Amino acid sequence: MKLIIAIIKPFKLEQVREALASAGATGMTVSEVKGFGRQKGQTEIYRGAEYTTNMVPKLKIEIVVADDIAPAIVETIQQTAHTGTIGDGKIFTVDVASAVRIRTGETNDTAL
């Protein structure tokens, strides 16, 4: 199993969610996060005053999938979240040792 963590722009969530459902993802967790990478924050204008924020709002999507569909899920996220501008985000893939469905006690792939 693989844990896929994607950091994306917030306005891309609905497109990514629909594409992932079509690609076979059965569930996901979404969190609102803030951070910075090469962007180093952003400049905004509020009530006529310009100010700089050090943290940029993003969404973090976490999906656990079977090993065989992980590359397709990563490719789906990359293609759907892509805008071609700085700050599009990152995708990380991590091995998952085990998973347990709390309600039934099912483990690993059957728990997904």
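Conventions adopted
- Residues numbered from 1 in each chain as written.
- Predicted model: local features only at pLDDT ≥ 70, side-chain atom pairs only at ≥ 80, totals over all residues.
- Heavy atoms only, no water.
- Helix = DSSP H or I, 4+ residues; strand = E, 2+ residues; numbered from the N terminus.
- Buried < 20%, exposed > 50% of the residue type's maximum accessible area, 1.4 Å probe, protein only.
- Areas by Shrake-Rupley, 256 points an atom, 1.4 Å probe, with all protein chains shown as cover.
- Contact = heavy atoms within 4.5 Å.
- Pairing = 2+ DSSP bridges.
- Axes fitted to C-alpha atoms, helices over the stretch in contact; angles between N-to-C directions.
- Salt bridge = Lys/Arg side-chain N within 4 Å of Asp/Glu carboxyl O.
- Core = buried A, V, L, I, M, F, W, Y, C linked by side-chain atoms within 4.5 Å.
- Expected span 1.5 Å × (residues − 1).
- Parallel < 35°, antiparallel > 145°, perpendicular 65-115°, else oblique.
- Left-handed = near helix turned anticlockwise from the far one by under 90°.

**Some remarks on the overall build of the chain**
Each helix and strand counted, the chain has two helices and six strands in total. Burial statistics for the chain: of 112 residues in total, 26% are counted as buried. Accessible surface for the chain amounts to roughly 7,400 Å². Of this, 53% is attributable to carbon and sulfur atoms.

**Considering the side chain of Thr-76**
Relative to the helices and strands, Thr-76 is located in helix α2 (residues 70–81). With relative accessibility at 15%, the residue Thr-76 sits in the buried group. Excluding residues that lie within four positions of it along the chain, Thr-76 makes contacts with Ala-19, Leu-20 and Ala-23.

**Looking at the sheet that holds strand β6 (residues 89–95)**
Strand-to-strand pairing in sheets goes through backbone hydrogen bonds, with the strands running parallel or antiparallel. Read across the open sheet, the four strands follow the order β2-β5-β1-β6; overall the sheet is antiparallel. The open sheet has two edge strands with one neighbour each: β2 (29–35) and β6. Averaged over all adjacent pairs, the angle separating strand axes in this sheet is 20 degrees, with direction ignored. Sheet topology places β2 next to strand β5 (residues 56–65); seven bridges connect them, and they run antiparallel. Note that in β5 the partner of Val-30 across the bridge is Ile-61. Strands in contact with helix α1 (residues 13–23) are β1 (2–8), β2 and β5; relative to β5, the strand with the most contacts, it is inclined by about 10 degrees.

**Things to note about the pattern of salt bridges**
Counted according to the given criterion, the structure contains five salt bridges. Across the salt bridge formed by Asp-95 and Lys-2, the nearest N and O atoms sit 2.2 Å from each other. Separated by 93 residues along the polypeptide, Asp-95 in strand β6 and Lys-2 in strand β1 bring together distant segments of the chain. Classification of Lys-2 as partly exposed rests on a relative accessible area of 22%. With a shortest N-O distance of 2.5 Å, Glu-14 and Arg-17 are connected by a salt bridge. Taken as a pair, Glu-14 and Arg-17 lie in helix α1 at a separation of three residues, close to a single helical turn.

**With respect to the nonpolar core**
Membership of the largest hydrophobic core comes to 14 residues, with the highest contact counts inside it found for Ile-8, Val-16, Leu-20, Ile-63, Ile-73 and Ile-77. Secondary-structure elements contributing two or more residues to this core are β1, α1, β5 and α2. Those residues in contact with Ile-77 that sit more than four places away from it in its chain are Ile-4, Ala-6, Ile-8, Val-16, Leu-20, Ile-63 and Ile-91.

**Quick word on α2**
The end-to-end C-alpha separation of α2 is 16 Å, in line with the 16 Å expected for 12 residues at 1.5 Å each. For α2, the secondary structure elements touched by its buried residues are β1, α1, β5 and β6.

**A short note on the packing of α1 against α2**
Between α1 and α2, the least distance of the axes is 9 Å, while the angle of their chain directions is 150 degrees. Considered as vectors, α1 and α2 are oriented roughly antiparallel to each other. Considering only the axes of α1 and α2, their crossing is right-handed. Residues Gln-15, Val-16, Ala-19, Leu-20 and Ala-23 of α1 form the contact with α2, whose participating residues are Ile-73, Thr-76, Ile-77, Thr-80 and Ala-81.

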